[in-house]
Amino acid sequence: MNARALWHTAGVILLNAAGNFALTVGMKRAPAAAGPVLALLQPFAAAGIVLLIGWMLLRLRLLQIADLSFVLPLTAVGYILNAAMGAALLGEQVTLTRWAGAFLITGGAALTSMTPARSRRKQEEREAAATGREGGEP
Amino acid sequence: MTLQWLLVGAIVACTTCADLLQSHGMRCGGARWKVPLSIVFLAASFFSFTQLLRIADLSFAVPATAASLVVETVLARLVLKEQVDWRRWGGAALAAAGVALLAL
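Remember, it's a predicted structure, so these values are computed and weren't measured experimentally. (Residues numbered from 1 in each chain as written. Chains lettered and ligands numbered in written order. Predicted model: local features only at pLDDT ≥ 70, side-chain atom pairs only at ≥ 80, totals over all residues. Heavy atoms only, no water.)

Asker: Sorry, what's going on with the overall build of chain B here?
Answerer: Within chain B, the regular secondary structure consists of five helices and zero strands. Its helices and strands in sequence order give chain B the pattern α-α-α-α-α, from N to C terminus. Seen through its C-alpha atoms, chain B measures out along the principal axes to roughly 40 × 35 × 15 Å. Within chain B, the proportion of its 104 residues that are buried is 46%. Expressed as a percentage of contacts within chain B between residues at least 6 apart in sequence, the contacts between residues at least 24 apart total 66%. Summed over all atoms, the accessible surface of chain B reaches about 4,900 Å², with 72% contributed by carbon and sulfur. Side-chain charges of chain B comprise 8 positive and 5 negative groups, with the mean position of each set lying 9 Å from the other. (Helix = DSSP H or I, 4+ residues; strand = E, 2+ residues; numbered from the N terminus. Buried < 20%, exposed > 50% of the residue type's maximum accessible area, 1.4 Å probe, protein only. Contact = heavy atoms within 4.5 Å. Areas by Shrake-Rupley, 256 points an atom, 1.4 Å probe, with all protein chains shown as cover. Lys, Arg positive; Asp, Glu negative; His and termini not counted. Charge placed at Lys NZ, Arg CZ, Asp CG, Glu CD.)

Asker: Explain the overall build of chain A to me, please; I cannot follow it from the model alone.
Answerer: Across its full length, chain A holds seven helices and zero strands. Overall, chain A shows an N-to-C arrangement of helices and strands of α-α-α-α-α-α-α. Out of the 138 residues belonging to chain A, those deemed buried represent 38%. Within chain A, residue pairs in contact and separated by at least 24 positions form 67% of the contacts whose partners lie at least 6 positions apart. As presented, chain A carries roughly 7,800 Å² of accessible surface, and 67% of it is formed by carbon and sulfur atoms.

Asker: How should a nonpolar patch on the surface be read in this particular structure?
Answerer: There is a patch of nonpolar side chains on the surface, built from Val74, Leu78, Val79 and Trp89 of chain B and spanning about 340 Å² of accessible area. Among the structural elements, Val79 of chain B can be located in the loop between helix H4 (67-78) and helix H5 (86-103). (Patch = residues over 30% accessible without salt bridge, like charges linked within 9 Å, V, L, I, M, F, W, Y side chains within 5 Å. Salt bridge = Lys/Arg side-chain N within 4 Å of Asp/Glu carboxyl O.)

Asker: Explain the interface of chain B and chain A to me, please; I cannot follow it from the model alone.
Answerer: It is common to give the size of an interface as the accessible area lost on bringing the parts into contact. Listed by partner, the interface residues are 37 residues for chain B and 42 residues for chain A. Overall, the association of chain B and chain A removes approximately 3,300 Å² of surface from exposure, summing both partners, and the carbon and sulfur fraction of that is 64%. A per-residue breakdown of the area chain B buries against chain A is headed by Arg54, Leu58 and Arg88 of chain B, which together make up 22% of the total. Our count for the contact surface shared by chain B and chain A stands at one salt bridge. Salt-bridge contacts for Asp57 of chain B lead to Arg98 of chain A; the nearest nitrogen and oxygen are separated by 3.1 Å. (Buried area = accessible area lost by both parts, 1.4 Å probe.)

Asker: How do you make sense of the confidence of the model for chain A when you look at a structure like this?
Answerer: Any segment with low pLDDT has predicted coordinates that should not be analysed in fine detail. All names here are of chain A. Scored by pLDDT, chain A has a mean of 81; 82% of the residues are at 70 or more. Per-element confidence in chain A ranges from a low mean pLDDT of 56 for helix H7 (residues 119-134) to a high of 91 for helix H1 (residues 3-29). Segment residues 134-138: pLDDT under 50, and one contact once partners within four positions in sequence are set aside and those in other chains are kept. (pLDDT = per-residue confidence, 0-100.)

Asker: Which parts of the structure should I look at to understand the pattern of salt bridges?
Answerer: Pairs can form between side chains of opposite charge whenever their charged atoms are close. All names here are of chain B. By the definition in use, this model includes two salt bridges over all chains. Arg87 is paired through a salt bridge with Asp85; the nearest N and O atoms lie 3.1 Å apart. The class of Arg87 is partly exposed, set by a relative accessible area of 22%.

Asker: Would you explain H4 of chain B in this entry?
Answerer: For an α-helix the count is 3.6 residues per turn, leaving residues at separations of three or four pointing the same way. All names here are of chain B. The terminal C-alpha atoms of H4 lie 17 Å apart, and with twelve residues this matches the ideal 16 Å at 1.5 Å per residue to within 8%. All buried positions along H4 are accounted for by Ala67, Ser68, Thr73 and Ala76. Of the surrounding secondary structure, the elements contacted by the buried residues of H4 are helix H1 (2-28), helix H3 (58-64) and H5. (Expected span 1.5 Å × (residues − 1).)

Asker: Sorry if this is basic, but what is going on with the environment of Ala44 of chain B here?
Answerer: Positionally, Ala44 of chain B belongs in helix H2 (residues 31-55). Through-space distance from the C-alpha of Ala44 of chain B to that of Cys14 of chain B is 6.6 Å; in sequence the pair is 30 residues apart.

Asker: Please clarify how unusual backbone geometry should be interpreted in this entry.
Answerer: Trans is the prevailing form of peptide bonds, just as negative phi is the prevailing case for residues other than glycine. Residue and element names in this part refer to chain B. The backbone of Lys81 shows a phi angle near 60°, a positive value even though the residue is not glycine. Mapped onto the secondary structure, Lys81 falls in the loop between H4 and H5. Look at Lys81 and you get exposed, because its relative accessible area is 54%.

Asker: Sorry if this is basic, but what is going on with the packing of H1 of chain A against helix H5 (residues 77-89) of chain A here?
Answerer: The relative placement of two packed helices comes down to the angle between their axes together with the axis-to-axis distance. Residues and elements named next belong to chain A. Interhelical geometry of H1 versus H5 gives an angle of 45° and a closest axis separation of 10 Å. Between H1 and H5, the angle falls in the class oblique. Two packed elements cross with a definite hand, and for H1 against H5 that hand is right-handed. Taking contact as the criterion, the partners of Ile13, Leu14, Asn16, Ala17, Asn20 and Phe21 in H1 are, on H5, Leu81, Asn82, Met85 and Leu89. Residues of the contact of H1 with H5, tallied by class, amount to seven nonpolar, three polar and no charged. (Axes fitted to C-alpha atoms, helices over the stretch in contact; angles between N-to-C directions. Parallel < 35°, antiparallel > 145°, perpendicular 65-115°, else oblique. Left-handed = near helix turned anticlockwise from the far one by under 90°. Nonpolar A, V, L, I, M, F, W, Y, C, P; charged D, E, K, R; others polar.)

Right, dumping it as structure tokens:
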């Protein structure tokens, strides 16, 4: 795997964690009177939204240069990173069961990523090949 | 606590609808209305996520939304007729177990 893909992957993970962190700070700091929409204009919340738009665009770019099966397990580390940031920077009480939950979800995403990206394509190829044979193709 | 899980449910439902519409639209036709409608669902999902972050911990909100992986795997099999092998079911089961741990 080339260095470009690895840098993109690191950027995707960090942008997601930073975006979620900023959005959390912004939404928690927003006054209750602000309402659900005006709260999004709080500086930290707005910064979080910008970072998450950047995350989405960089993830699209990463999917152009790397396999989905490479991207999914590595970016699933984000579940653990988000829990770690909640504990370290926001002072959240992350219990042992919550850590276990985050690790299980990461494991689940990693296991899913080990499967072929497009199961239907194989089936369609088999059907197309069968149709071709029935049609008298060599 | 109830509101937290209601918002998680809204996020999972909206994300699932968006992904199904996108996937179905791109493969089976109807992309002209399914993809724009999916963006409406994505916006609703993101808005629900911002409201969840207002009342819940970050360490809860992000993993909890992974419940969509479970629902989407089931619906991918039933609606999109995808072939889901044991590893994919296993991955969904692990994610479900993880979300269940968050609920404790």
